Amino acid sequence: MVLIANDDLIAGTLNRNGLVTGHGNRWTRERVTSLRSHHRIPVFKPADDGIEPWLNLSKAARLLKIAPKTLRLAAEAG
């Protein structure tokens, strides 16, 4: 997730998905930072040119010239 989000956004995403830390706590920016640092995962850095290295579902479907629902179903099916 560090390719697309800072530690605050990662913490929020983990909490919204009902994930907790190994000690059963909610995620905070500090906990994400600590975990990232412990595992030597680099910090999020926005692209210098403003072009991000990822696509959302709608952009990916448009690029593939298929309906977003088709792409979602394919992703869910693995």
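Throughout what follows, the structure given in this document is the object of discussion.

Reading the values: rules and limits
- By convention here, each chain's residues receive numbers from 1 onward along its written sequence.
- With the structure being a predicted model, the display of local features is reserved for residues of pLDDT at least 70 and the display and counting of side-chain atom pairs for 80 or more, all residues being used for whole-chain, interface and lining totals.
- Remark: hydrogens and water are excluded; side-chain values derive from all non-hydrogen atoms of the structure.
- Numbering goes from the N terminus for both helices and strands, where a helix is a DSSP run of H or I of at least four residues and a strand is a run of E of at least two.
- As defined in this context, the radius of gyration uses C-alpha atoms, and a globule is described by 2.2 Å times the residue total to the power 0.38.
- Whether a residue is buried, partly exposed or exposed follows from its accessible area with a 1.4 Å probe, protein chains only, as a fraction of its type maximum: under 20%, in between, or over 50%, in that order.
- Residue contacts follow a heavy-atom distance rule, with two residues in contact if any of their heavy atoms lie within 4.5 Å.
- Method for areas: the Shrake-Rupley scheme with a 1.4 Å probe, in which residue coverage is limited to the protein chains shown.
- The positive count covers Lys and Arg only, the negative count covers Asp and Glu only, and His and the chain ends enter neither.
- Positions of charges follow a simple convention, taking NZ of Lys, CZ of Arg, CG of Asp or CD of Glu.
- Any pair of N or O atoms that falls within 3.5 Å is considered a polar contact. Within protein, one atom must be able to donate a hydrogen and the other to accept it, and sequence-neighbouring residues count only if both atoms are side-chain atoms.
- A fitted line through C-alpha atoms represents every axis, and for helices the fit uses only the stretch in contact; the resulting angles, taken between N-to-C directions, go from 0 to 180 degrees.
- Orientation is classified from the angle alone, with under 35 degrees giving roughly parallel, over 145 giving roughly antiparallel, 65 to 115 giving roughly perpendicular, and any other angle giving oblique.
- Under the grouping applied here, Gly and all other residues not named as nonpolar or charged are polar, the nonpolar ones being Ala, Val, Leu, Ile, Met, Phe, Trp, Tyr, Cys and Pro and the charged ones Asp, Glu, Lys and Arg.
- Residues enter a patch when their relative accessible area is above 30% and they make no salt bridge; the linking distance is 9 Å between like charges and 5 Å between nonpolar side chains (Val, Leu, Ile, Met, Phe, Trp, Tyr).
- Whenever a carboxyl oxygen of Asp or Glu lies within 4 Å of a side-chain nitrogen of Lys or Arg, that contact is scored as a salt bridge.

## What about the overall build of the chain?
Per the secondary structure count, the chain includes 4 helices and 0 strands. Along its sequence from the N terminus, the chain presents helices and strands in the succession α-α-α-α. The C-alpha radius of gyration computed for the chain amounts to 16 Å, which surpasses the reference 12 Å derived for 78 residues by more than 25%, pointing to a less compact arrangement than a globule. Projected onto its principal axes, the C-alpha coordinates of the chain cover approximately 45 × 30 × 15 Å. Here the chain holds 78 residues, and 19% of them are scored as buried. By sequence separation, contacts in the chain at least 24 residues apart represent 32% of the contacts at least 6 residues apart. Carbon and sulfur atoms provide 58% of the accessible area of the chain, an area that totals close to 6,300 Å². Averaging the locations of the 12 positively and 7 negatively charged side chains of the chain gives two centres separated by 6 Å.

## Describing the side chain of Arg36
By the secondary structure assignment, Arg36 is in helix α2 (residues 29-38). A distance of 2.8 Å separates a polar atom in the side chain of Arg36 from a polar atom in the side chain of Asp7. If we skip the residues at most four places from it in the chain, Arg36 touches Val2, Asp7, Ile41, Pro42 and Val43.

## Here we look at the packing of helix α1 (residues 7-16) against α2
It is at 8 Å that the axes of α1 and α2 come closest, and there the two elements cross at 105°. Taken together, the axis directions place α1 and α2 in an arrangement best described as roughly perpendicular. On the side of α1, the interface is formed by Asp7, Asp8, Ile10, Ala11 and Leu14, while α2 contributes Arg29, Val32, Thr33 and Arg36. Looking at side-chain class alone, the contact of α1 with α2 contains 4 nonpolar, 1 polar and 4 charged residues.

## Regarding a nonpolar patch on the surface
Taken together, the side chains of Met1, Leu3, Ile4 and Trp54 make up a nonpolar region of the molecular surface, amounting to roughly 420 Å² of accessible area. Mapped onto the elements of the fold, Ile4 is located in the segment before α1. Taking relative accessible area as the criterion, Ile4 reaches 38% and is therefore assigned partly exposed.

## A look at unusual backbone geometry
Its identity as a non-glycine residue notwithstanding, Arg40 has a phi of 55°, on the positive side. Counting through the fold element by element, Arg40 comes out in the loop between α2 and α3 (57-64).

## Some details on the side chain of Asn15
Secondary-structure assignment places Asn15 in helix α1. On the basis of relative accessible area, Asn15 is assigned to the buried category, the value being 15%. Apart from the residues lying within four places of it in its own chain, the contact partners of Asn15 are Arg26 and Trp27.

## Brief notes about the environment of Leu57
Structurally, Leu57 is set in helix α3. Expressed as a C-alpha distance, the spacing of Leu57 and Arg40, which sit 17 residues apart in the sequence, is 29 Å.

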